[in-house]
Amino acid sequence: MIRVVHICAMLVTVVVAGSASAEEENLFVSGNAAYSEARFQIAVDRYEAVIHGGNWHANVFYNLGNSYYRLGNFGKAILNYERAVALDPHHPEADANLRLARDEARALELRKDWIERYASMATVKQYSIAAAVAFWFSFFLIAHLLLSRRRSAGRIALIALSMMVCGVSIFAIFALENGTRGNALAIVTAKEIEARLATADNAKSVLLLPAGSEIKILSERGDWVYAALPNDQRGWIPTSSAERVRM
Amino acid sequence: MFQTPSRTAIFSPAILAAVFAFLVAHDAIAASADVTAVLSNSNTAVGQPVQLQIKVTGSASARPPGAIAVDGLDIRFSGQSQLLEGRNFQFTYSYIYNYTVMPLKAGTFKIPPQTVEAGGSTLRTPELTLQVAADSSTAQSPRSKSSASIDPSKIAFVELTLSKTTAYVGEMIPAVVRVGFNVRTPVESLGNGAEITGQGFTAQKMREPRQTIETIGGRTYQVFTFKTALSPARSGKIEVGPVQVHAVVRIPRPNSRSQTMPRDLFDTNDPFMDNFFRDPLFMPSTPQEVKIKSEQVTLEVKSLPPGAPPDFGGAVGNFTLSNEVKPKTAQVGDPFTVTATITGRGNFDRVTAPAFEDEHGWHKYPPSADFKQDDDIGISGTKKFEIVLSANERKDQIPAQLFTYFDPAKEQYVTLRAEPIPVRVEGGSAPAATTAPAAPQAPTTAPSQAPRQASQQEILHQLTELPAETQSFTPLFARQSFWLAQLIPLIALLGFVAWKIRVAHLNNRELQRREALQHEAAALQRSLRREDVSPEEYFSKASRAVQLKTALVRNVDPAAVDADIAASTFGMDEATRTRLRRLFEKSDEARYSGVGNGIRLLPAETRNEVLELIDNLRS
């Protein structure tokens, strides 16, 4: 009896998921149609509906970025291109349009330090896999070393190499996640917002941030966020004027 | 029991009092000593005395002057008092010496400066003048006036002073406004402070005034000094002022009790004279509004000369310029922050960010400014501009910056130049947008959407593929599936370890079996060397020993070994093989047919031959 209930529940889940996916695909297609008819705001609404439905894909964010670009909203355009690249680091279209939008908006970019520049040779996903493989490989070698009578120097060196690869990969993940492209990356969506020294509208200005500029959120306090700015300084900006790239 | 004093007990009121006394003494000593002298009235008549007060302030010790001798005046010491005043935790100690001055004849008398020693220094009082009329009716005294008809000019004054009366348009001119109130009519409120009226100029907001006590024309005034700066907005003659002040002062009321007091020298109805030496704060008084204003000051304003450089933004004064940049190295498109610092004196509100000499190849963002003033009125200080630049191509220096101002002292325009700053811009030119394929042209019948700007570059087209697999922003290492997947190598590792242990265990059992066989073979060989063994037992043990040695070599069951297997295992020649075969036959005969029954012992040659045969079994 329990098995029958389980099977029924699984079937219901599959049917519901399938219908939701079909609905989002319809929204995506209609968004594309609206875009091709130059009804960009409608296209934005359709793509936003797909995203709110939880169907996150780099192509949806890319198309949404294009729609915002056509509307002249470079802040939102850059934000969605960034999201597309965050989902798929090898998305050539999003990467190309992101450069164009930045150029158009004169958006400021955060500067990577040398560690992050070197760590960017691979993605967090690749480093994660490398770290896991190296970790388990080293443990297999250690187990083999401990349970066999022969202990060669080559096998010990291989263990050391594997553990080093694992350690370097973990360090690279840490550097990337806490770097300028990490989980704290946000994009200024408001037009020319002033970063200030304190959480007050009349506080001293640190930097004028054009729409689409990158910031790294360090902490949040009420309606203000404290962020690292592209000019290596730090300042407060209103929470509503920037959005995190990672949703 | 002995008890140590508690921590709170240490901070007893006595210690607090000592600290207070120290502060008082410290401030009193630290403040510079000052002396004032004042007459209760500078006009009197013969026989009508006035009071002379000498006040030493800011010294913990003072010695009054000796006898004051003036021909025609009888001046006698009438007593002294000490006063401790505290304002904003600044304590001042004062000695007040009172004298009664009795005019003996009419005329104008001058009381010469008196020497007072205070805090180790010698101070001198100002010279005082006393007009003495022949009779009381001619003496100019306000005693007959009622408080309602008090002349404000005797209660207070206001004066406006400009640092110069000729200036250029936009030049900042320091101005000082002094508002004084007679100490006997203490000011209760200054209203909106001092307000400079007039047209054709702007004035900086006045800050809180500085307060001093001054003796002017024989009267003591509490003087409020306001500082500001004016900036003419047009050329020509400009009337500055008057400065108007609406204040509320307390006018002393006549006090009938004073008539009965001993040595009441100031009798009757004079609000200035009544209770003169009493503290005004404790005198009965009435608040009254007074309106006072200063004289106008004429300012002649000249226009700036023609031929101003194009980058002139209206700055007038005297300035210096410096700049710096961070970082020194960047990629194409990365920002540089140029900080330009303009220091000097002038109209900083018209000081704009210095222009770059050559902006080609650079993109400049709007600057941010920060002004830090060095004075009270904001005409001297430092203004810092932060300008963010990004290079569109390779560059080796930040361009020079120019700032132009008009110097009113030199009467000419001055252009300051900050030299170019070497930097390094790496990378190629900015990403070429034109390489991107053109997007499909939008139909001309587009609905009322925001039009795309003509200057926008073409972006890549829409993508129509929507993969079914949903992507996630969560990094791989933070996903549950990643850690669940780690179970696979974990299980594999555990399996590997288990297999290795089992193999080791199996190897261990084989080893034990072999050791048992070796042990048995050795025991058999030892028993074969004994002489008291029967023939059937001897051959049985000898054949068993051969089986054991063969089984150890071939790793087989000893029971499965016969003479041929043993001979082939050890590669025996035919003669030895025959001897081995006979050994097994004798063993079988002895075991199954009882051939050896009756023979108690084997001959020594036979035993040696068997032992030699067994010892030679080596692979």
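Residues numbered from 1 in each chain as written. Chains lettered and ligands numbered in written order. Predicted model: local features only at pLDDT ≥ 70, side-chain atom pairs only at ≥ 80, totals over all residues.

Examining the overall build of chain A
Each helix and strand in chain A was counted, giving eight helices and seven strands. Counted over contacts in chain A with a minimum sequence separation of 6, partners at least 24 positions apart contribute 58%. (Helix = DSSP H or I, 4+ residues; strand = E, 2+ residues; numbered from the N terminus. Contact = placed C-beta atoms within 7 Å.)

Brief notes about the overall build of chain B
A count of helical and extended segments in chain B gives nine helices and 34 strands. Expressed as a percentage of its 619 residues, the buried residues of chain B come to 27%. Taking contacts inside chain B between residues at least 6 apart in sequence as the whole, the part at least 24 apart equals 72%. (Buried ≥ 20, exposed ≤ 12 C-beta atoms within 10 Å, placed from the backbone.)

Describing the nonpolar core
In terms of nonpolar packing, the biggest core is built from 74 residues, with A:I78, A:Y81, A:A84 and A:A101 touching the most fellow members. When residues in this core are grouped by element, the largest group, nine residues, is from helix α4 (residues 74-87) of chain A. Excluding residues within four positions of it along the chain, A:A84 makes contact with A:A58, A:F61, A:Y62, A:G65, A:H91 and A:A94. Residues B:I155, B:A175, B:L230 and B:I238 belong to the second largest nonpolar core, which totals 36 residues. (Core = buried A, V, L, I, M, F, W, Y, C linked by C-beta atoms within 7 Å.)

As for the interface of chain B and chain A
The interface of chain B with chain A comprises 50 residues on the first partner and 59 residues on the second. Elements with a contribution of two residues or more to the side of chain B that touches chain A: β25 (335-346), β28 (368-373) and α5 (487-528) of chain B. Here the side of chain B that touches chain A takes seven residues from α5(B), the largest share from any one element. Within the side of chain B that touches chain A, the residues separate by chemical class into 31 nonpolar, 14 polar and five charged. (Nonpolar A, V, L, I, M, F, W, Y, C, P; charged D, E, K, R; others polar.)

Re the sheet that holds strand β19 (residues 236-240) of chain B
All names here are of chain B. Taken in spatial order, the three strands make up an open sheet running β12-β22-β19, and their pairing is mixed. In this open sheet, the two strands that pair with only one neighbour each are β12 (166-168) and β19. Between one strand axis and the next, the sheet turns through 35° on average, direction left out of account. Inspection of the sheet shows β12 paired to strand β22 (residues 297-302) by three bridges, in the parallel sense. Residue pairing in the sheet places T166 in a bridge with E300 of β22. (Pairing = 2+ DSSP bridges. Axes fitted to C-alpha atoms, helices over the stretch in contact; angles between N-to-C directions.)

Looking at the packing of α4(A) against helix α5 (residues 92-105) of chain A
A pair of packed helices is captured by two measures, namely the crossing angle of their axes and the spacing between those axes. Residues and elements named next belong to chain A. Relative orientation of the contacting elements α4 and α5 amounts to 155°, with a least axis distance of 9 Å. Accordingly, the angle class assigned to the pair α4 and α5 is roughly antiparallel. Once α4 is placed against α5, the crossing between them reads as left-handed. The segment α4 lies against α5, with F74, A77, I78, Y81, E82, A84 and V85 engaging A94, D95, N97, L98, A101, R102, E104 and A105. When its residues are assigned to classes, the contact of α4 with α5 shows ten nonpolar, one polar and four charged. (Parallel < 35°, antiparallel > 145°, perpendicular 65-115°, else oblique. Left-handed = near helix turned anticlockwise from the far one by under 90°.)

Quick word on the sheet that holds strand β9 (residues 121-124) of chain B
Residues and elements named next belong to chain B. Read across the sheet, three strands follow the order β4-β8-β9 without closing on themselves; strand pairing throughout is antiparallel. The open sheet has two free edges, formed respectively by β4 (62-63) and β9, since each of these has just one partner strand. Here β4 pairs with strand β8 (residues 115-118) via two bridges, running antiparallel. Following the sheet pairing, R63 is matched in β8 by E117.

Digging into helix α7 (residues 124-147) of chain A
Between its first and last C-alpha, α7(A) extends 34 Å over 24 residues, near the 34 Å set by a 1.5 Å rise per residue. Within α7(A), burial applies to A:V124, A:Y127, A:S128, A:A131 and A:A134. On the buried face of α7(A), the contacting elements are α8 (153-177) of chain A together with α4 (480-485) of chain B. (Expected span 1.5 Å × (residues − 1).)

Quick look at the pairing of strand β3 (residues 50-57) of chain B
Residues and elements named next belong to chain B. Of all eight residues in β3, six are buried; the element is thus mostly enclosed. Judged from the six bridges that link them, strand β1 (residues 34-39) and β3 form a sheet pairing that is antiparallel. The residue of β3 that forms the bridge with L39 is L52.

Quick word on helix α3 (residues 58-71) of chain A
The α-helix winds at 3.6 residues per turn, so residues separated by three or four positions along the chain end up facing the same way. Residues and elements named next belong to chain A. The end-to-end C-alpha distance of α3, which contains 14 residues, comes to 20 Å, matching closely the 20 Å that a straight helix rising 1.5 Å per residue would cover. In terms of residue burial, α3 counts as a mostly covered element, since 13 of its 14 residues are buried. Just downstream of α3 lies G72, where phi reads positive at about 85°.

As for the packing of α3(A) against α4(A)
Residues and elements named next belong to chain A. Where α3 contacts α4, the axes come no closer than 8 Å and their chain directions differ by 165°. Put simply, α3 runs roughly antiparallel to α4. Read as a crossing pair, α3 and α4 show a hand that is left-handed. Each of A58, F61, Y62, L64, G65, Y68 and Y69 in α3 lies in contact with α4, whose residues at this interface are F74, K76, A77, N80, Y81, R83, A84 and L87. Partitioning the contact of α3 with α4 into residue classes produces eleven nonpolar, two polar and two charged.

Overview of the confidence of the model for chain B
Residues and elements named next belong to chain B. With 79% of its residues at a pLDDT of 70 or more, chain B shows a mean pLDDT of 77. For residues 1-31, every residue scores under 50 in pLDDT, and the model assigns this stretch 16 contacts once sequence neighbours within four places are set aside. Counting interchain partners and residues more than four positions distant, the pLDDT-below-50 stretch residues 137-150 has 24 contacts. Among the prediction metrics, the complex's ipTM stands at 0.83, with pTM recorded as 0.43. (pLDDT = per-residue confidence, 0-100.)

Things to note about unusual backbone geometry
For the bond running from B:G241 to B:P242, omega is 5°, close enough to zero to count as cis. In this model, B:K326 is joined to B:P327 through a cis peptide bond whose omega is -10°. Tracing the sequence through the fold places B:P327 in the loop between β23 (317-326) and β24 (329-331). Phi is positive for A:E192, close to 50°, though the residue is something other than glycine. Structurally, A:E192 is set in the loop between β1 (185-188) and β2 (193-196). Its identity is not glycine, yet B:N555 carries a phi of approximately 60°, on the positive side. Positionally, B:N555 belongs in the loop between α6 (535-554) and α7 (563-570).

Quick word on the environment of B:P64
Residue and element names in this part refer to chain B. Checked against the element boundaries, P64 lands in the loop between β4 and β5 (73-87). Between the alpha carbons of P64 and T115 there is a distance of 7.8 Å; along the sequence they are 51 residues apart. Excluding its chain neighbours within four sequence positions, the residues that come into contact with P64 are I54, Q80, Y97 and V116.

A look at the pairing of strand β6 (residues 234-238) of chain A
Residue and element names in this part refer to chain A. One ladder, built from five bridges, connects strand β5 (residues 224-228) with β6; its direction is antiparallel. Its bridge partner lying in β6, A227 is registered against G235. Hairpin connection from β5 to β6: five residues lie between these consecutive antiparallel strands, with D232 at a positive phi of about 65°.

Thoughts on the environment of A:R111
Note on placement: A:R111 falls in the loop between α5 and α6 (114-119). A sequence separation of 103 residues divides A:R111 from A:E214, and the C-alpha atoms of the two residues are 9.6 Å apart.

Quick notes on the confidence of the model for chain A
Looking at chain A as a whole, its pLDDT mean stands at 87, while 92% of the residues score no less than 70. Below a pLDDT of 50 lies the segment residues 11-20 of chain A, which in the model reaches one contact outside its immediate sequence neighbourhood of four places, other chains included.

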